[in-house]
Amino acid sequence: MADTVADTRRLFTKPQNLSDAYGPPSNFLEIDVGSPETVGVGRGRFTTYEIRLKTNLPIFKLKESSVRRRYSDFEWLRGELERESKVVVPPLPGKALFRQLPFRGDDGIFDDSFIEERRQGLEQFLNKVAGHPLAQNERCLHMFLQDESVDKNYTPSKVRQA
């Protein structure tokens with residue numbers, strides 16, 4: 001049997017200059033979920049989260065946007081992506097049914113620590129989903145991230161690159 005020798009020669013690369021090293025990244029997508037606000041009273045009380053997006057990806061019509069969404073909007077997005085795309089959609093942070101029971105010693109789902117924990121989970125969910133190239137083509141994701149309101153009666157479609 002012949003001995004095989006691994007090729008260990010170095011690849012020749014272009015030297016990096018300062019503008020390459022410290023310039024804007026070639027493609028970026030930053031999504032932050034923050035500024036939770038609880039509104040309403042009684043059974044009509046809910047928390048909304050601000051979703052801030054910055055990107056230079058050509059598939060997004062706006063390079064910067066900010067919208068407010070509630071947990072049920074995230075559930076809608078997840079359901080649409082599962083139904084319409086070929087993407088394995090990650091889970092959302094839980095509904096916390098136990099926290100919704102009456103006569104608890106805290107604020108339940110409106111407790112600051114729970115809201116922060118949920119905010120982090122929603123941010124992780126959105127970054128995973130929006131970072132997937134196939135999900136970036138879905139109209140529901142663009143509407144969720146960049147339109148002022150979510151039209152739940154929209155016609156599912158793919159987004160064409162500008």
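The name given to the chain in an unreviewed UniProt entry is Sorting nexin 3, with Astyanax mexicanus as the source organism. As its UniProt record puts it under Sequence similarities (unreviewed entry), the chain is described as follows: "Belongs to the sorting nexin family."

Peer 1: I keep staring at the sheet that holds strand β2 (residues 46-55) and nothing clicks. Help me out?
Peer 2: Note on sheets: strands pair through backbone hydrogen bonds, and any given pair is parallel or antiparallel. With antiparallel pairing, three strands are arranged side by side in an open sheet as β1-β2-β3. Each end of this open sheet is capped by a strand with a single partner; those strands are β1 (29-39) and β3 (64-70). For this sheet the average axis-to-axis angle between neighbouring strands, irrespective of direction, equals 20°. Both β1 and β2 contribute to a ladder of nine bridges, which runs antiparallel. For Leu29, the partnering residue across the bridge sits in β2 and is Thr55. Set on the sheet, helix α2 (residues 71-84) makes contact with β2 and β3; between it and β3 the angle comes to about 105°. Together, β1 and β2 form the strand contacts of helix α3 (residues 112-130), whose direction differs from that of β1 by roughly 150°.

Peer 1: So what exactly am I meant to see when it comes to the environment of Leu81 here?
Peer 2: Within the secondary structure, Leu81 is located in helix α2. Through-space distance from the C-alpha of Leu81 to that of Cys140 is 7.5 Å; in sequence the pair is 59 residues apart. Residues in contact with Leu81, not counting those within four places in the same chain, are Val89, Val129, Glu138 and Cys140.

Peer 1: Whenever I open this one, the environment of Phe144 confuses me. Can you help?
Peer 2: In this structure, Phe144 sits in helix α4 (residues 139-146). For Phe144, a relative accessible area of 0% puts it in the buried group. Taking C-alpha positions, Phe144 is 8.4 Å from Phe74, a pair spaced 70 residues apart along the chain. If near-sequence neighbours (up to four positions away) are discounted, Phe144 is found in contact with Ile51, Val67, Arg69, Asp73, Phe74, Leu77, Leu126 and Val150.

Peer 1: How should I be thinking about the confidence of the model for the chain in this particular structure?
Peer 2: Fine structural detail should not be taken from predicted coordinates in areas where pLDDT scores are low. With 76% of its residues at a pLDDT of 70 or more, the chain shows a mean pLDDT of 81. Taking the mean pLDDT of every element in the chain, the minimum, 69, falls on helix α1 (residues 18-22) and the maximum, 93, on β3.

Peer 1: I'm lost on the nonpolar core in this one. Help?
Peer 2: Soluble globular proteins: nonpolar side chains tend toward being buried together. In terms of nonpolar packing, the biggest core is built from 31 residues, with Ile51, Phe74, Leu77, Phe125, Leu126, Phe144 and Leu145 touching the most fellow members. Among the elements of the structure, β1, β2, α2, α3 and α4 are those that each provide at least two residues to this core. Of the residues forming this core, the biggest block, six residues, is contributed by α3. Excluding residues that lie within four positions of it along the chain, Ile51 makes contacts with Ile31, Asp32, Val33, Ser65, Ser66, Val67, Arg69, Phe74, Leu126, Phe144 and Leu145.

Conventions and cut-offs
- Residues numbered from 1 in each chain as written.
- Predicted model: local features only at pLDDT ≥ 70, side-chain atom pairs only at ≥ 80, totals over all residues.
- Heavy atoms only, no water.
- UniProt positions renumbered as here; feature names shortened; annotations may be inferred.
- Pairing = 2+ DSSP bridges.
- Helix = DSSP H or I, 4+ residues; strand = E, 2+ residues; numbered from the N terminus.
- Axes fitted to C-alpha atoms, helices over the stretch in contact; angles between N-to-C directions.
- Contact = heavy atoms within 4.5 Å.
- Buried < 20%, exposed > 50% of the residue type's maximum accessible area, 1.4 Å probe, protein only.
- pLDDT = per-residue confidence, 0-100.
- Core = buried A, V, L, I, M, F, W, Y, C linked by side-chain atoms within 4.5 Å.

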